[in-house]
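Letter by letter, the chains look like this.
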Amino acid sequence: MASYLQIADDEKGHELELFCVPKHYENDLERVIIPHGLIKDRTERLARDIIRDMGGHHLVALCVLKGGYKFFADLLDFIQVLNQNSDKSVPLTVDFIRLKSYCNDTSTNSVKVIGGDDLSSLTGKNVLIVEDIVETGRTMQTLLSLLDECNPKMVKVVSLLVKRTPRSSGYRPDYTGFEVPDEFLVGYALDYNEYFRDLNHICVLTEEAKEKYKV
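Just so we're clear, the structure is a prediction, and the values are computed from it rather than from any experiment.

Where do I start with the pairing of strand β7 (residues 154–163) in this structure?
Successive residues of a regular strand alternate their side chains across the two faces of the sheet. Among the ten residues that make up β7, seven are buried, leaving the element largely enclosed by the rest of the structure. Pairing of strand β6 (residues 126–134) with β7 involves eight bridges; the strand directions are parallel. When the bridges of β7 are listed, glutamate 131 appears paired with serine 159. The pairing of β7 with strand β8 (residues 175–180) spans five bridges and is classified as parallel. Within β8, the residue paired with leucine 161 across the bridge is phenylalanine 178.

Below, the structure written as structure tokens:
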């Protein structure tokens, strides 16, 4: 049984006119590929799976900024509700890290760690990394190798999206929300040069928008 929801390569998505989309982005988006309600429902199930597998462990939830902040907030809200209403619960503390591996729509070969607390504070801890999207997987593999140097007790990764791409290193997170086509996606805090984070739905960006917002 699949442990994620697969969005097919030929998925036509939904017309923008059927959803509330900020007017300033109407001409920049091809279609809605994952509506906000579906994101929330899938996130709730991920929270339940994490509680089932990791209940009883004190976890440090490590948010990968900036793209992961909405998924992180929603996931922790669902975990908090489950903590209050189920036999298993997860004591949680939070930390934040920012990674940068993109220039425009191209993933670079280098990963920069920007801000965040010293990773050495995670020594001996059970860490749940919360990421927005895994594409080639190299960014996450780099982060995991950096964390490994700090000797955490356990590390699990949950990613809202995993992209199907021939550039993939083969890495897969422990928990996945959706497997998505090899298109440039924005919304629900996923950005293109800092734009589109203020979009609730996950949408496909037009080629014209890539030029419009290019740096």
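Before we go on, may I ask you to explain helix α2 (residues 69–85) in this structure?
An α-helix turns once per 3.6 residues; consequently, residues spaced three or four apart project the same way. With 17 residues, α2 ought to run about 24 Å at 1.5 Å a step, and its terminal C-alpha atoms sit 25 Å apart, in line with that. Listed in full, the buried residues belonging to α2 are Lys70, Phe71, Phe72, Asp74, Leu75, Leu76, Phe78 and Ile79.

Just checking my understanding: could you explain the packing of helix α1 (residues 36–54) against α2 for this structure?
For any two helices packed against each other, one specifies the inter-axial angle together with the distance between the axes. Between α1 and α2, the least distance of the axes is 9 Å, while the angle of their chain directions is 55°. In terms of axis orientation, α1 runs oblique to α2. For the element pair α1 and α2, the recorded crossing hand is right-handed. Contacts between α1 and α2 involve Lys40, Thr43, Glu44, Leu46, Ala47, Arg48, Ile50 and Ile51 on the former and, on the latter, Phe71, Asp74, Leu75, Phe78, Ile79, Leu82 and Asn83.

Please clarify how the pattern of salt bridges should be interpreted in this entry.
As enumerated under the stated definition, the model contains 19 salt bridges in all. Ionic pairing is found between arginine 31 and glutamate 30, a salt bridge with its closest N-O pair at 3.0 Å. Given a relative accessible area of 13%, arginine 31 falls into the buried group. Taking the relative accessible area as the measure of exposure, glutamate 30 reaches 44% and is therefore partly exposed. Here glutamate 179 makes a salt bridge to arginine 172, at a shortest N to O gap of 3.2 Å. Classification of glutamate 179 by relative accessible area gives buried; the value is 5%. On the basis of relative accessibility, which here comes to 38%, the residue arginine 172 falls in the partly exposed class. Taken together, the salt bridges that share partners define one network made up of Lys66, Arg98, Asp191, Glu194 and Arg197.

How do you make sense of the side chain of arginine 42 when you look at a structure like this?
Position of arginine 42 relative to the elements: it lies in helix α1. Beyond its immediate chain neighbours, meaning those up to four positions away, arginine 42 contacts Ser3, Tyr4, Leu5, Thr176, Gly177 and Phe178.

What is the right way to look at the packing of aromatic side chains in this model?
Aromatic ring pairs are defined here through the distance separating the ring centres and the angle between the ring planes. Across all of its chains, the model carries five aromatic pairs by this definition. Judged by centre distance (4.4 Å) and plane angle (45°), the rings of tyrosine 195 and tyrosine 213 are tilted. Placement of the pair is tyrosine 195 in the loop between β9 (185–186) and β10 (202–205) and tyrosine 213 in the segment after α4 (207–212), with a sequence separation of 18 residues. Tyrosine 195 gets classed as partly exposed once you look at its relative accessible area, which sits at 38%. A relative accessible area of 9% places tyrosine 213 in the buried class. With 5.2 Å between their ring centres and 80° between their planes, phenylalanine 196 and tyrosine 213 make a pair best called edge-to-face. Residue phenylalanine 196 is located in the loop between β9 and β10, and its partner tyrosine 213 is located in the segment after α4; the two are separated by 17 residues in the primary sequence. Just as phenylalanine 196 is buried, tyrosine 213 falls in that class too. The rings of Tyr25, Tyr195, Phe196 and Tyr213 are connected pair by pair, giving a single aromatic cluster.

Mind showing me how you'd approach the nonpolar core here?
Here is a general trend for soluble globular proteins: nonpolar side chains tend to be buried in one another's company. Within the largest apolar cluster, 33 residues are counted, with the highest numbers of intra-cluster contacts made by Ile34, Ile50, Leu75, Val158, Leu161 and Ile202. Where this core is concerned, the elements lending two or more residues are β2 (29–34), α1, β3 (59–65), α2, β6, β7, β8 and β10. Judged by nonpolar contacts, the second largest core, of 17 residues, contains Ile97, Val134, Met140 and Cys150.

Rules of the game
Residue positions are counted from 1 within each chain, in the order its sequence is given. Residue-level local features of this predicted model are given only where pLDDT is at least 70; pairs of side-chain atoms are given and counted only at 80 or more, and the full residue set underlies all totals for whole chains, interfaces and linings. The side-chain numbers reported here are obtained from all heavy atoms of the structure, hydrogens and water having been left aside. Exposure is judged per residue with a 1.4 Å probe applied to protein chains only, and the accessible area is read against the type maximum: over 50% gives exposed, under 20% gives buried, and values in between give partly exposed. The helix and strand labels rest on DSSP assignments: H or I over at least four residues marks a helix, E over at least two residues marks a strand, and numbering proceeds from the N terminus. Whether two strands pair depends on DSSP finding at least two bridges between them. Every helix has an expected span of 1.5 Å times one less than the residues it contains. To get an axis, fit a line to the C-alpha atoms, keeping to the stretch in contact for a helix; angles then go from 0 to 180 degrees between the N-to-C directions. Orientation is classified from the angle alone, with under 35 degrees giving roughly parallel, over 145 giving roughly antiparallel, 65 to 115 giving roughly perpendicular, and any other angle giving oblique. Crossings are classed by handedness, with left-handed meaning an anticlockwise turn of the near helix from the far one by less than a right angle and right-handed meaning a clockwise turn. When checking whether two residues touch, look at their non-hydrogen atoms; a contact exists if any pair is within 4.5 Å. Only one rule defines a salt bridge in this text: a Lys or Arg side-chain nitrogen within 4 Å of an Asp or Glu carboxyl oxygen. Each Phe, Tyr or Trp ring (for Trp, its six-membered ring) is paired with any other whose centre lies within 6.5 Å, and the angle between the two planes then decides the class: stacked below 30 degrees, edge-to-face above 60, tilted in between. Joining through side-chain atoms within 4.5 Å is the link that ties buried Ala, Val, Leu, Ile, Met, Phe, Trp, Tyr and Cys residues into a set, and such a set is a nonpolar core.

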